Amino acid sequence: ILKRRANSPTVAGGLFVRGGARNITEKNAGIENLTLSAAIEASKNRPRQTVRRELASMGSAIGASVTNDYSVFSFGTTKQNFDRFWEIFSDVVVNPSFAEDDIKRTREQILTGLREAGTMPESALEALQDRTMYTGHPYAHEVLGTVSTISAISPADLRAYHKNIMETSRLLFVVVGDIEPDVLKAKITAAFG
């Protein structure tokens, strides 16, 4: 989906992954969160420092988030840097390195957030409410994961999960900016098949 905005100096969007809570189980809760978050750290062709330096030099960003219904690799860049940015974005999304250090750092960030949320009564009550209300439904699974599930996910699990969710039937691109539809279509086809 492309929302063309003539003369816009920026291009923003996301690669949405269908599923969210429907993609996970009680045992692997949070795997989609950890997979997407670790994937954007680096590619097999670009280490983390190179990705961060290049994105910063272009005023660009890549993010990842999960919800009950979908997950997304999000991005924002300037129109003038879009071609260079696209090379980096498509590389980290399609060919993530899942380097041990990147996984460890990302895992610790997620675990810190989960532990912090566990100290707030409102968060604990909300989690209990969701588990009770959605018993027997995929929404009962914690899309962000739990301390125990996130801790148990291996690099091999992340690679296998990434391969599974990167099927074109599960993916949807949404882009907003001053970009020609044929140019964007060609870039998506070349990078994602």
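Higher on the page you've got the structure.
A. Looking closely at the side chain of S8. With respect to the helices and strands, the residue S8 is situated in the loop between β1 (2-4) and β2 (10-18). A relative accessible area of 15% means that S8 is categorised as buried. A distance of 3.2 Å separates a polar side-chain atom of S8 from the backbone oxygen of T10. Setting aside chain neighbours within four positions, we find S8 in contact with K79 and D178.

B. Broad picture of the sheet that holds strand β4 (residues 70-78). The 5 strands are arranged β1-β5-β2-β4-β3 in an open sheet whose pairing can be described as mixed. If you trace the sheet from one side to the other, it starts and ends with β1 and β3 (61-66), each paired once. Along the sheet, successive strands turn relative to each other by an average axial angle of 15°, direction set aside. Across 6 bridges, the pairing between β3 and β4 is antiparallel. Among the inter-strand pairings, I62 is bridged to a residue of β4, identified as F75.

C. Main features of the packing of helix α1 (residues 31-39) against helix α7 (residues 155-165). In the contact formed by α1 and α7, the axes pass within 10 Å of each other and the chain directions differ by 90°. Compared by their axis directions, α1 and α7 come out roughly perpendicular. Together, I31, E32, L34, T35, L36 and A38 of α1 and D157, L158, Y161, H162 and I165 of α7 make up the contact between the two elements. Tallied by class, the residues present in the contact of α1 with α7 amount to 7 nonpolar, 2 polar and 2 charged.

D. Local environment of the packing of helix α3 (residues 82-94) against helix α8 (residues 181-192). Across the interface, α3 lies against α8 with an axial gap of 10 Å and an inter-helix angle of 30°. Put simply, α3 runs roughly parallel to α8. Relative to α8, the crossing made by α3 is right-handed. On α8, the residues touching F82, D83, W86, S90, V93 and V94 of α3 are L184, K187, I188, A191 and F192. By residue class, the composition of the contact of α3 with α8 is 8 nonpolar, 1 polar and 2 charged.

E. Layout of α3. The end-to-end C-alpha distance of α3 is 17 Å, a good match for the 18 Å that 13 residues give at a rise of 1.5 Å each. All of the buried residues along α3 are F82, F85, W86, I88, F89, S90, D91, V92 and V93.

F. Spotlight on the nonpolar core. The biggest cluster of nonpolar side chains holds 46 residues, and the ones touching the most others in it are L15, F73 and F89. Element by element, the count of residues in this core is highest for α3, at 7 residues. In contact with L15, other than residues within four places in its own chain, are S71, V72, F73, F89, V93, M166, L171, L172, F173 and F192.

So, how was this worked out
Residues numbered from 1 in each chain as written. Predicted model: local features only at pLDDT ≥ 70, side-chain atom pairs only at ≥ 80, totals over all residues. Heavy atoms only, no water. Helix = DSSP H or I, 4+ residues; strand = E, 2+ residues; numbered from the N terminus. Buried < 20%, exposed > 50% of the residue type's maximum accessible area, 1.4 Å probe, protein only. Polar contact = N/O pair within 3.5 Å; in protein donor to acceptor, adjacent residues only side chain to side chain. Contact = heavy atoms within 4.5 Å. Pairing = 2+ DSSP bridges. Axes fitted to C-alpha atoms, helices over the stretch in contact; angles between N-to-C directions. Parallel < 35°, antiparallel > 145°, perpendicular 65-115°, else oblique. Nonpolar A, V, L, I, M, F, W, Y, C, P; charged D, E, K, R; others polar. Left-handed = near helix turned anticlockwise from the far one by under 90°. Expected span 1.5 Å × (residues − 1). Core = buried A, V, L, I, M, F, W, Y, C linked by side-chain atoms within 4.5 Å.

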